[in-house]
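Remarks on the overall topology
Listed below, chain by chain, are the residues.
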Amino acid sequence: QVQLLESGGGLVQAGGSLRLSCAASGSILSINAMGWYRQAPGKQRELVAVITTGGGTNYAESVKGRFTISRDNAKNMVYLQMNSLKPSDTAVYYCNLVPSRVAQGYWGQGTQVTVSS
């Protein structure tokens, strides 16, 4: 059973930084791509960053150059370093498997990120 627990969210000013953490159960990081999703009120869930089992990364255009996804397989952790935050980054951020079709059933509470102007 995959269990994912996000943490690190909070309220920050525009231009600030935040580091999100995701504790993953088992060895899922080595057998499936992982990603960070976000969902703002009234909007669809959006995949913003992904890291493959081989360590390759991909980012949504809206966060390229500002966000960095990383992992520590030994600690079963996935991270999202967010720099130069904008109010449009405000959302609940979730860690989960990629693609979304295999993420079903594992959605947790997420962690709220609020960026003030």
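Now for a quick tour of the structure. Keep in mind the model is a prediction, meaning the values are calculated, not measured.

**Some remarks on the nonpolar core**
Ranked by internal contacts, the top residues of the largest apolar core, which has 29 residues, are Met34, Trp36, Leu80, Met82 and Tyr93. The set of elements that each furnish at least two residues to this core consists of strand S3 (18–24), helix H1 (28–31), strand S4 (34–39), strand S5 (46–51), strand S7 (67–72), strand S8 (77–82), strand S9 (91–97) and strand S10 (111–116). Leaving out residues up to four positions away in the same chain, Tyr93 has contacts with Glu6, Leu20, Trp36, Tyr37, Arg38, Phe67, Leu80, Met82, Gly110, Thr111 and Val113.

**Considerations on the sheet that holds S10**
Spatially, the six strands line up as an open sheet ordered S2-S10-S9-S4-S5-S6, and their pairing is mixed. Each edge of the open sheet carries a strand with a single partner, namely strand S2 (10–13) and strand S6 (57–59). On average, each strand axis in the sheet is inclined to that of its neighbour by 25 degrees, with strand direction left out of account. Relative to S10, S2 runs parallel, the two being bridged by four bridges. Across the sheet, Gln13 pairs through a bridge with Ser116, a residue of S10.

**Some words on the side chain of Arg66**
Residue position: Arg66 is located in the loop between S6 and S7. Engagement of the side chain of Arg66 in a polar contact is seen with the side chain of Asp89, the distance being 2.7 Å. Arg66 has contacts with Gln81, Met82, Asn83, Ser84, Leu85, Lys86 and Asp89, leaving out every residue within four places of it along the chain.

**Comments concerning the environment of Gly110**
Topologically, Gly110 is positioned in the loop between S9 and S10. Residue contacts for Gly110: discarding those within four places in its chain leaves Glu6, Val92, Tyr93 and Tyr94.

**Overview of the environment of Ile69**
Looking at where Ile69 falls in the secondary structure, it is placed in strand S7. Exposure remark for Ile69: the relative accessible area of 4% places this residue in the buried category. When the C-alpha atoms of Ile69 and Gln3 are compared, they prove to be 19 Å apart, with 66 residues separating the residues in sequence. When near neighbours in sequence (up to four residues on either side) are disregarded, Ile69 contacts Met34, Gly35, Trp36, Ala49, Val50, Ile51, Thr57, Tyr59, Val78, Tyr79 and Leu80.

**Topic: the pattern of salt bridges**
In total, this model carries four salt bridges according to the counting rule given. For the salt bridge of Arg38 with Glu46, the shortest nitrogen-to-oxygen distance reads 3.0 Å. Taking relative accessible area as the criterion, Glu46 reaches 29% and is therefore assigned partly exposed. A salt bridge links Lys64 to Glu61; the shortest N-O distance between them is 3.4 Å. Given a relative accessible area of 63%, Glu61 falls into the exposed group. If you follow the salt bridges from partner to partner, you end up with Arg38, Glu46, Arg66 and Asp89 in one network.

What counts, and where the lines are drawn
Residue indices begin from 1 for each chain and proceed along its sequence in written order. Local features in this predicted model are restricted to residues whose pLDDT is 70 or higher, and side-chain atom pairs enter the listing and the counts only when it is 80 or higher, whereas totals over whole chains, interfaces and linings include all residues. Side-chain figures throughout are based on the complete set of non-hydrogen atoms in the structure, without hydrogens or water. Buried Ala, Val, Leu, Ile, Met, Phe, Trp, Tyr and Cys residues that are joined via side-chain atoms within 4.5 Å together make up what is termed a nonpolar core. Residue burial is assigned from relative accessible area. The probe radius is 1.4 Å, only protein chains are included, and a residue is buried under 20% of its type maximum, exposed over 50%, and partly exposed in between. Helix and strand definitions here come from DSSP, where helices need a minimum of 4 consecutive H or I residues and strands a minimum of 2 consecutive E residues; each element is numbered from the N-terminal end. Contacts: residue pairs with any heavy atoms within 4.5 Å of one another. Being paired, for any two strands, means DSSP has found at least two bridges between them. Axis lines are fitted to C-alpha atoms, over the contacting stretch for helices. Their N-to-C directions set the angle, which ranges from 0 to 180 degrees. Under this definition, polar contacts are N or O atom pairs within 3.5 Å; protein pairs additionally need one hydrogen-donor-capable and one acceptor-capable atom, and for neighbouring residues in sequence, both atoms have to be side-chain atoms. A pair is scored as a salt bridge if a Lys or Arg side-chain nitrogen falls within 4 Å of a carboxyl oxygen belonging to Asp or Glu.

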